[in-house]
Amino acid sequence: MLWMPLHAKIHRTIRSRHLFERNQRLLIAVSGGQDSLCLIKLLLDLQSKWGWYLGIAHCDHRWRSDSEANAHHVENLAKTWGISFYLETANEPINSEATARDWRYQALCAIAQANNYQYIVTGHTASDRAETLLYNLIRGTGADGLQALTWQRSLTTGIMLVRPLLEITRSQTEQFCQEFKLPIWEDSTNQDLQYSRNRIRQEWIPYLRENFNPQVESALAQTAELLQAEVEYLEKAAQQLREEAMNMGHKEDSLSSLPSLRLNRRVLQKAPLALQRRVMRQVLQQRLTDAPSFEHIEKLTALIIAPNRSQTDPFPGGVIAQVEGDWICFK
Ligand SMILES: Nc1ncnc2c1ncn2[C@@H]1O[C@H](COP(=O)(O)OP(=O)(O)OP(=O)(O)O)[C@@H](O)[C@H]1O
């Protein structure tokens, strides 16, 4: 077998980041595009060293007219390689990117659960990470959005999503596919510039590459990597602070199943603004059905030093927060 630098790199990444152990069952999400083909070929070539059992899952969103042919194409590849193949087909065509993603992860989890896989593996690359970072930068998400795509994430109990290609760029996966003559299924919608994701990929990144930094994708992916560790650290610190601020403030509310909540202002006043904001966001995340907005978090954070009896406007769902001496109370 031809062993390329990419094989060695992925082998090292998997080992050093503890992405998988030996003899595990891995379900590989294969669209048929260059990234997931590169992924499955790399894992197949490493399979004997690690003793994995590999399966391929494909999701047919029925979005494109060639989607059924695409699914057959992936199925045939699985047959050629002698790997189990699982197909989920949407009941009706899904034509929005966000809905397609949600449905896809649900479908992949269902396949994994039914067939006893603990890992779902996708072909997201450093280029995807760079694009996600830029996309979230212009939406104003802060560090949490800029950490853009993590190596591992729990999807549901007992099932992890793992992305081993986060340090490999799209031009590397393309070159790898050419080298091994892997039959890439070209996704026609990737050319469609009505999707902001495609405009970032086809217009913004090339502009940055040509005018600012030839390695811009790796540079942005590296930024995401640094931010990931920082976000993790800050979230843990905020969680500890929240627990400290809630201490003794935790009393059962007889009218609701949620414990009524109060936060101690003296504890919060000693903390840096970065943690104050994170505590407030965590609290709101638990209380609101939608993700809390920047304004919601700022209003609540302002109560930490506001005069007694100050209060916020109602949050969606009607809850308000009010200062009662040393406490911020939620009603
Ligand atoms: N229809 C699908 N069926 C199975 N897995 C998918 C499907 N679409 C995407 N994935 C998985 O999600 C990853 C990221 O998907 P995304 O749509 O961002 O990229 P893509 O352009 O489809 O990537 P690729 O080059 O692998 O096709 C893919 O690498 C693949 O692992």
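Everything quoted here is computed from the prediction, not taken from an experiment.

## Observations concerning the nonpolar core
Alright, step 1. In this structure, Ile14, Phe20, Ile28, Ile40, Trp52 and Leu54 are the most contacted members of the largest nonpolar core, which totals 38 residues.
Alright, step 2. Looking at this core element by element, the count peaks at nine residues for helix H2 (residues 34-50).
Alright, step 3. Those residues within four positions of Phe20 in sequence are excluded, and the remaining contacts are Ile14, Leu26, Trp50, Trp52, Tyr119, Val121, Val162 and Pro164.
Alright, step 4. Residues Leu241, Val279, Ile297 and Ile328 belong to the second largest nonpolar core, which totals 25 residues.

## Description of the site of the ligand
Alright, step 1. Taken together, 15 residues form the shell around the ligand, and within it Ala29, Ser31, Asp35, Ser36 and Cys59 come nearest.
Alright, step 2. Between Asp35 and the ligand, the recorded distance is 2.9 Å, taken from a backbone N or O atom to an oxygen atom.
Alright, step 3. Between the ligand and the protein, one listed contact pairs an oxygen atom with a backbone N or O atom of Gly123 at 2.9 Å.
Alright, step 4. If the ligand stood free it would expose 570 Å²; the protein chains cover 85% of that surface.
Alright, step 5. Only H2 and strand E2 (53-60) provide two or more residues apiece to the shell around the ligand.
Alright, step 6. Of the residues belonging to the shell around the ligand, the class tally is four nonpolar, nine polar and two charged.

## Some details on the UniProt feature "domain: tRNA(Ile)-lysidine synthase substrate-binding" (unreviewed entry) in the chain
Alright, step 1. When the UniProt feature table is mapped onto this chain, "domain: tRNA(Ile)-lysidine synthase substrate-binding" (unreviewed entry) is found at residues 263-317.
Alright, step 2. Along residues 263-317, the helical share is 53% and the strand share 4%, with 20 Å between the first and last C-alpha atoms.

## Overview of the side chain of Ser127
Alright, step 1. Following the sequence through the fold, Ser127 ends up in helix H5 (residues 126-139).
Alright, step 2. Judged by its relative accessible area of 0%, Ser127 falls in the buried class.

## Digging into the pattern of salt bridges
Alright, step 1. Following the criterion strictly, the structure yields 22 salt bridges and no others.
Alright, step 2. A salt bridge links Lys331 to Glu324, with the nearest nitrogen and oxygen atoms 2.5 Å apart.
Alright, step 3. Exposure remark for Lys331: the relative accessible area of 48% places this residue in the partly exposed category.
Alright, step 4. A single salt-bridge network, built from bridges that share partners, covers Asp35, Asp128, Glu131, Arg170, Arg197 and Arg201.

## Quick look at the sheet that holds strand E5 (residues 152-156)
Across a sheet, strands are paired by hydrogen bonds formed along the backbone, either parallel or antiparallel in direction.
Alright, step 1. The six strands are arranged E3-E2-E1-E4-E6-E5 in an open sheet whose pairing can be described as mixed. Every other strand in the sheet has two partners, leaving strand E3 (84-89) and E5 as the edge strands with one partner each. Pairwise comparison of adjacent strand axes, ignoring direction, gives a mean angle of 30° for this sheet.
Alright, step 2. With five bridges joining them, strand E1 (residues 25-29) and E2 adopt parallel strand pairing. Note on E2: the bridge partner recorded for Arg25 is Tyr53.

## As for the pairing of E3
Each regular strand carries side chains that alternate between the two faces of the sheet.
Alright, step 1. Pairing analysis gives six bridges linking E2 to E3, with the strands arranged parallel. Within E3, the residue paired with His58 across the bridge is Leu87.
Alright, step 2. Crossover E2 to E3 through helix H3 (residues 67-81) is right-handed.

## Side note on the UniProt feature "domain: tRNA(Ile)-lysidine/2-thiocytidine synthase N-terminal" (unreviewed entry) in the chain
Alright, step 1. Taking the numbering used here, the UniProt-annotated feature "domain: tRNA(Ile)-lysidine/2-thiocytidine synthase N-terminal" (unreviewed entry) corresponds to residues 26-203.
Alright, step 2. Helix makes up 48% of residues 26-203 and strand makes up 17%, while its end C-alpha atoms are separated by 35 Å.

## Focus: the side chain of Gln147
Alright, step 1. As for its placement among the helices and strands, Gln147 is situated in the loop between helix H6 (143-146) and E5.
Alright, step 2. A distance of 3.2 Å separates the side chain of Gln147 from the backbone oxygen of Asp144, its partner in a polar contact.
Alright, step 3. Other than its neighbours up to four places away in sequence, Gln147 contacts Arg129, Ala224, Leu227, Gln228 and Val231.

## Observations concerning the confidence of the model for the chain
Alright, step 1. Per-residue pLDDT for the chain has a mean of 94; in total, 96% of the residues score no lower than 70.
Alright, step 2. Segment residues 252-257 is flagged for pLDDT under 50; beyond a separation of four residues in sequence, or across chains, it makes four contacts in the model.

## Thoughts on a positive patch on the surface
Alright, step 1. Together, Arg12, Arg15, Arg22 and Lys49 make up a positively charged patch on the protein surface.
Alright, step 2. For Lys49, the position within the fold is in helix H2.

## Considerations on the sheet that holds strand E7 (residues 262-264)
Alright, step 1. Strand order in the open sheet formed by three strands is E7-E9-E8, with antiparallel pairing between adjacent strands. Here the strands that pair on one side only, and so sit at the sheet edges, are E7 and strand E8 (321-324). Strand-to-strand twist in this sheet, taken as the mean axis angle between neighbours without regard to direction, amounts to 25°.
Alright, step 2. In this sheet, strand E9 (residues 327-330) lies alongside E8 in antiparallel orientation, the contact comprising four bridges. The partner of Ala321 across the bridge, within E9, is Phe330.

## Some remarks on the domain arrangement of the chain
Alright, step 1. Partitioning the chain into structural domains gives domain 1 (5-227) and domain 2 (247-330).
Alright, step 2. Computed over C-alpha atoms, the centres of domain 1 and domain 2 are 38 Å apart.

## Notes on the environment of Val279
Alright, step 1. Mapped onto the elements of the fold, Val279 is located in helix H11 (residues 273-287).
Alright, step 2. Residue class for Val279 comes out buried when judged on its relative accessible area of 0%.
Alright, step 3. Taking the C-alpha atoms as reference points, Val279 and Thr301, 22 residues apart in sequence, are found 8.8 Å from one another.
Alright, step 4. Ignoring anything within four residues of it in the chain, the contact list for Val279 reads Ala238, Leu241, Arg242 and Leu268.

Definitions and limits used
- Residues numbered from 1 in each chain as written.
- Predicted model: local features only at pLDDT ≥ 70, side-chain atom pairs only at ≥ 80, totals over all residues.
- Heavy atoms only, no water.
- Core = buried A, V, L, I, M, F, W, Y, C linked by side-chain atoms within 4.5 Å.
- Buried < 20%, exposed > 50% of the residue type's maximum accessible area, 1.4 Å probe, protein only.
- Helix = DSSP H or I, 4+ residues; strand = E, 2+ residues; numbered from the N terminus.
- Contact = heavy atoms within 4.5 Å.
- Near = heavy atom within 4 Å.
- Polar contact = N/O pair within 3.5 Å; in protein donor to acceptor, adjacent residues only side chain to side chain.
- Areas by Shrake-Rupley, 256 points an atom, 1.4 Å probe, with all protein chains shown as cover.
- Nonpolar A, V, L, I, M, F, W, Y, C, P; charged D, E, K, R; others polar.
- UniProt positions renumbered as here; feature names shortened; annotations may be inferred.
- Salt bridge = Lys/Arg side-chain N within 4 Å of Asp/Glu carboxyl O.
- Pairing = 2+ DSSP bridges.
- Axes fitted to C-alpha atoms, helices over the stretch in contact; angles between N-to-C directions.
- Right-handed = clockwise from strand over helix to strand, strands pointing away.
- pLDDT = per-residue confidence, 0-100.
- Patch = residues over 30% accessible without salt bridge, like charges linked within 9 Å, V, L, I, M, F, W, Y side chains within 5 Å.
- Lys, Arg positive; Asp, Glu negative; His and termini not counted.
- Charge placed at Lys NZ, Arg CZ, Asp CG, Glu CD.
- Domains from an automatic or database assignment.

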